[in-house]
Amino acid sequence: MTDFLAIVAVGIGTYLSRGIFILALANKKIPDPVLVSLQFVAPAVLGALIVALLIDSGGNVAIGIPEVSAFLVGGAVAYRTRSHIFTLIAGMGVFWLVRALM
Amino acid sequence: MSLDRSIVRQGIVDALPLFVPAVPFAFVIGLVIVESGISPFVGWSSSWIIFGGAAQLTLISLLGSGAAVAAAITAGLVVNARHLMYSAALAPVFQQQPHWMRWFGPYLLIDQQFALSMLRADDDPKTFRTYYLSSGLLFWALWLITSALGLVVGPVVPEAWNLEFAVSILFLGLIVLGIDRYPKLIAALVGAGVTYLTAGLPNRAGLLVGAFVGILAGTIAERLRE
């Protein structure tokens, strides 16, 4: 039940972020400083999330050689191919390979 | 009211190639739902309640990993804050649309939909509406189907594969593909670094600290660049 309510909460928030200017504030503009900061929301949050998802129950970041290798190769493949599918295949492939070798 | 089939076809033809990069996200959402222990139907309902890949992955991964519910919700909302920019940019176009469209349209406003519809901003209102609904509803249907497929495959995948790590790889790809100038790289690195340093905070609250400091760092870097 908690999970469902959490989904609904994010759903409502997402709808509002997509709709607020279209529905209510059509004549308002986002102030320039806010607009500048909004561009950095995605990279900052995603960077933070990558680390947060690796935190174990003891509060330590469980990052080892397999993860670091996967990030380096995945990042390079993303940069070169601009493809999420290739990035996923390369990143997970390296992750499994290095883990198997260790 | 007649429907202009050529516009519908155009919307579908334009939307299909843009859905391809979203396939791994939808699929991994299905897999992560299975691993998170959230009831499959509840998890899958995020596909039509939220309809936004990054926020869904964020929320479900964090709920599944034992983060505080409030922190998971906040993180999901912050990830989706970029939609405010889309809403503001499309608001003038939507002023010429009927009431129902102004209420329904934002529901479909995902990244790809924004990119497509901005190119049609000068169309007459009816053509814009037909195009917007054609591409948007196609994205929506494909999203629900693909994330359900991940849900079906999920239980077959051995736990030893650590598929939840795929979320981190997908997020890395989103960062790399989104970087068009160095302040965004700084925002990502600072966000990750501060989260690392604050990893010991309870309920993964370090995530929000890291995100906030990252946004700040990117903004400052942008100021210095100008």
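Residues numbered from 1 in each chain as written. Chains lettered and ligands numbered in written order. Predicted model: local features only at pLDDT ≥ 70, side-chain atom pairs only at ≥ 80, totals over all residues. Heavy atoms only, no water.

### Concerning the domain arrangement of chain B
Residue and element names in this part refer to chain B. For chain B, the domain assignment lists domain 1 (5–163) and domain 2 (179–226). Placing the centre of domain 1 and that of domain 2 at their C-alpha centroids yields a distance of 25 Å. Across the contact, 7 residues belong to domain 1 and 4 residues belong to domain 2. Both faces combined, the contact of domain 1 with domain 2 buries some 530 Å², and carbon together with sulfur accounts for 75% of it. (Domains from an automatic or database assignment. Contact = heavy atoms within 4.5 Å. Buried area = accessible area lost by both parts, 1.4 Å probe.)

### Remarks on a nonpolar patch on the surface
A surface patch of nonpolar side chains, about 580 Å² in accessible area, is lined by A:Ile63, A:Val68, A:Leu72, A:Val73, B:Tyr196 and B:Leu197. If you list the elements that add at least two residues to the nonpolar patch, you get α4 (65–81) of chain A together with α11 (182–197) of chain B. No other element matches α4(A), which puts 3 residues into the nonpolar patch. Judged by relative accessible area, which is 62%, A:Leu72 ranks as exposed. (Patch = residues over 30% accessible without salt bridge, like charges linked within 9 Å, V, L, I, M, F, W, Y side chains within 5 Å. Areas by Shrake-Rupley, 256 points an atom, 1.4 Å probe, with all protein chains shown as cover. Salt bridge = Lys/Arg side-chain N within 4 Å of Asp/Glu carboxyl O. Helix = DSSP H or I, 4+ residues; strand = E, 2+ residues; numbered from the N terminus. Buried < 20%, exposed > 50% of the residue type's maximum accessible area, 1.4 Å probe, protein only.)

### Observations regarding the packing of aromatic side chains
In this structure the tally under the stated criterion is 9 aromatic pairs over all chains. Aromatic pair A:Phe95 and B:Phe165: ring centres 4.2 Å apart, planes at 25°, arrangement stacked. Here A:Phe95 is found in helix α5 (residues 84–101), whereas its partner B:Phe165 is found in helix α10 (residues 165–178) on a different chain. By relative accessible area, which is 3% here, A:Phe95 ends up buried. Aromatic side chains B:Phe104 and B:Tyr107 sit 6.1 Å apart centroid to centroid with 40° between the ring planes, which places their arrangement in the tilted category. The class of B:Phe104 is partly exposed, set by a relative accessible area of 30%. According to the relative accessible area criterion, B:Tyr107 is buried, its value standing at 17%. (Phe/Tyr/Trp six-rings, centres within 6.5 Å; stacked < 30°, edge-to-face > 60°.)

### Topic: the environment of B:Leu84
Along the polypeptide, B:Leu84 turns up in helix α6 (residues 83–94). As a C-alpha pair, B:Leu84 and B:Thr198 span 114 residues in sequence and 28 Å in three-dimensional space. Non-local contacts of B:Leu84, meaning those with residues more than four positions away in its chain, are made with A:Ser17, A:Ile20, A:Phe21, A:Ile30 and A:Leu38.

### Things to note about the interface of chain A and chain B
With 63 residues of chain A at the interface, the matching set in chain B holds 81 residues. For the pair chain A and chain B, the summed buried surface comes to about 6,500 Å²; carbon and sulfur atoms form 78% of the total. Three residues stand out in chain A for area buried against chain B, namely A:Arg18, A:Ile22 and A:His84, and they jointly supply 14% of the buried area on that side. For the pair chain A and chain B, the interface holds 0 salt bridges. Inspection of the region where chain A meets chain B yields 15 residue pairs in polar contact (both at pLDDT 80 or more). For the side of chain A that touches chain B, the secondary structure elements donating two or more residues are α1 (2–23), α2 (32–38), α3 (41–52), α4 and α5 of chain A. (Polar contact = N/O pair within 3.5 Å; in protein donor to acceptor, adjacent residues only side chain to side chain.)

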